[in-house]
Amino acid sequence: MDPNFDVVRTYLTGLQDRICAAIEAADGQATFAEDAWSRNPEGGGHAGGGRTRVLREGAVFEQAGIGFSDVSGTRLPPSASAARPELAGASWRACGVSLVFHPRNPYLPTTHANVRHFRAERDGQTVASWFGGGFDLTPFYPFDADIVHWHRVAKNLCAPFGPDRYAEHKRWCDEYFFLRHRNETRGVGGLFFDDLHGDFERDFSYLRAVGEGFLDGYLPIVDRRKDTPYGEREREFQQYRRGRYVEFNLVYDRGTLFGLQSGGRTESILMSLPPRVRWEYGYQPEPDSPEARLQDYLVPRDWA
C-alpha cells in the first residue's frame, strides 16, 4: 500500500485521542473504556483491527462511542462492489474514525462525525484512493443559535477549499441523511462527502479540517445546553425521536451496511445506536407544542 496510508492512519488515531480527551473534560464524570480488537480473514471477513472506546452513564453523556478501525480485504462486500464494479478483484484497505454521542439532556443534540480513507490495489498498483467523512447534528428541541453556529463552523472550515465546497457538501449531507420512508431529514445537517480524490495533500488537509472542526462546532453547544432543566416529558420525546436515528442507521447508512456485510465487528459497528430508545404507534405531538416545533427543522435550510 501507498506509504501515505500510514500518515493518514497516524492522524486518525491522534484525532480519536483528542476527541476522547475533550469529551471526558466536557462530561466531567465518566471516562472512555477502550476495547482493542482484531480480525482475521477466516470465513470471508476482513483482516485488521481497531480501538472502540465507549463512555457510559456520564454526567452529560448517556453514551458516547468513538471508534478507530484499520481493516483490509481481498473482495468488497455487495453494498460497495455494486457501486464500484471497477474494483472487482482488487485488494483494499480502509481506516477511519467514527463517533456518535448520545447526551442525557434532551436539549443537547445527538451528534455524529466520521472521517475515513480508502485505498485499493491490483497487481501492485493503486487503482483507487479517496477520502470521505463529515459531521451532522440531530437536535430534539432545536435552538436556532446552536444550528447557526454549527453551520458557520462548517462553512468557515470549507472556505479555504473553494467557494462551492460548503454548499456542495452541505447539500450532500441533507440528501444523504434523509429518511425517505418518513419524508424528513435525520437532523439539521452539516457536511458529508465521499470519493474525494483530486489531490492527496489538499484532500487530506480537508479531512483534517473536518476532523478538527467537529469539536469547534459541538463543544460550545454542549456548554450552552448541558445544564438546561428538563422533565419526564422531554425525556420521553427524546427517546421517541432516537428511534429515527436507529431507523436511519439500520436501513440506509452505508457504513453500517459495509461493516456488517464485510464481516466486521458487530459491537463496534452498532455502538452508534442509542442506549435507550422507544417507538410509539401513530405518535403525533400536540399542536403548537415544543415537540411539534421540531418538524419544521427536518427540511433542508440555509443556516449559514
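Residues numbered from 1 in each chain as written. Predicted model: local features only at pLDDT ≥ 70, side-chain atom pairs only at ≥ 80, totals over all residues. Heavy atoms only, no water.

Visitor: Please give an account of the overall build of the protein chain that cites residues and values.
Guide: A count of helices and strands for the protein chain gives nine helices and nine strands. Radius of gyration (C-alpha) of the protein chain: 19 Å, near the 19 Å computed for a compact globule of 304 residues. By principal-axis analysis of the C-alpha atoms, the protein chain measures approximately 60 × 45 × 40 Å. Counting across all 304 residues of the protein chain, residues that qualify as buried make up 55%. (Helix = DSSP H or I, 4+ residues; strand = E, 2+ residues; numbered from the N terminus. Rg over C-alpha atoms; globule rule 2.2 N^0.38 Å. Buried < 20%, exposed > 50% of the residue type's maximum accessible area, 1.4 Å probe, protein only.)

Visitor: Tell me about the sheet that holds strand β3 (residues 61-73), residues and numbers included.
Guide: One key point about sheets: their strands pair by backbone hydrogen bonds, in either a parallel or an antiparallel sense. Here we have seven strands laid out as an open sheet, ordered β1-β2-β3-β4-β5-β6-β9, and antiparallel in their pairing. With one partner strand each, in any of the chains shown, β1 (33-39) and β9 (189-196) form the two edges of the open sheet. Within this sheet the neighbouring strands show an average axis-to-axis angle of 5°, counted without direction. Taken together, the 10 bridges between strand β2 (residues 47-56) and β3 define a ladder with antiparallel strand orientation. Along β3, the bridge assignment pairs G49 with D70. Along the sheet, helix α3 (residues 144-158) makes contact with β5 (110-122), β6 (125-138) and β9, crossing β9 at roughly 35°. (Pairing = 2+ DSSP bridges. Axes fitted to C-alpha atoms, helices over the stretch in contact; angles between N-to-C directions. Contact = heavy atoms within 4.5 Å.)

Visitor: An account of the UniProt feature "active site" (unreviewed entry) in the protein chain is needed here, citing residue identities and associated values.
Guide: In the numbering adopted here, UniProt assigns the feature "active site" (unreviewed entry) to H112. Tracing the chain through its elements places H112 in strand β5. When near neighbours in sequence (up to four residues on either side) are disregarded, H112 contacts S98, L99, V100, G134, F135, D136, F177, R186 and Y245. In terms of polar contacts, H112 uses its side chain to reach the side chain of D136, at 2.7 Å. (UniProt positions renumbered as here; feature names shortened; annotations may be inferred. Polar contact = N/O pair within 3.5 Å; in protein donor to acceptor, adjacent residues only side chain to side chain.)

Visitor: Give me the lowdown on unusual backbone geometry, citing residues and values where you can.
Guide: Phi angles above zero are rare outside glycine, and D123 is one such case at about 55°. With respect to the helices and strands, the residue D123 is situated in the loop between β5 and β6. A relative accessible area of 73% means that D123 is categorised as exposed. The backbone of D195 sits at a positive phi, close to 55°, despite the residue not being glycine. Mapped onto the secondary structure, D195 falls in strand β9.

Visitor: Which residues make up α3, and what values go with them?
Guide: Under the 1.5 Å per step criterion, the end-to-end length of α3 is 21 Å for 15 residues, consistent within 8% with the ideal 21 Å. Along α3, the positions that sit buried rather than exposed are D146, I147, V148, H149, W150, H151, V153, A154, L157 and C158. Looking at the buried positions of α3, the neighbouring elements they touch are β5, β6, α4 (165-176), β9 and α5 (200-225). (Expected span 1.5 Å × (residues − 1).)

Visitor: Talk me through the packing of aromatic side chains; I want residue IDs and the actual numbers.
Guide: Under the criterion given, the structure shown has 26 aromatic pairs. Judged by centre distance (5.9 Å) and plane angle (85°), the ring pair of Y11 and F204 falls under edge-to-face. Of the two residues, Y11 sits in helix α1 (residues 4-27) while F204 sits in helix α5, which places them 193 residues apart along the sequence. Their ring planes at 5° and their centres at 5.9 Å tell us that F131 and F204 sit as a pair that is stacked. Of this pair, F131 sits in strand β6 while F204 sits in helix α5, and the two are 73 residues apart along the sequence. (Phe/Tyr/Trp six-rings, centres within 6.5 Å; stacked < 30°, edge-to-face > 60°.)

Visitor: Break down the UniProt feature "site: Important for dimerization" (unreviewed entry) in the protein chain for me, with residues and values.
Guide: UniProt feature "site: Important for dimerization" (unreviewed entry): in the numbering of this structure it lies at H181. With respect to the helices and strands, the residue H181 is situated in the loop between β7 (178-179) and β8 (184-185). Accessibility expressed as a relative area gives 45% for H181, which makes it partly exposed. Apart from residues no more than four positions distant in its own chain, H181 is found in contact with E247 and Y252. A polar contact of 2.8 Å, which involves the side chain of H181, links it to the side chain of E247.

Visitor: Any details on the nonpolar core? Residues and values, ideally.
Guide: Ranked by internal contacts, the top residues of the largest apolar core, which has 53 residues, are F101 and F214. Among the secondary structure elements, those contributing two or more residues to this core are α1, β3, β4 (91-103), β5, β6, α3, β9 and α5. Ignoring any residue separated from it by four or fewer positions in sequence, one finds F101 in contact with I19, I23, F61, Q63, A64, G65, I66, T110, T111, F214 and Y218. The next biggest cluster of nonpolar side chains, apart from the first, holds 11 residues, and it includes W37, L87, A90 and A120. (Core = buried A, V, L, I, M, F, W, Y, C linked by side-chain atoms within 4.5 Å.)

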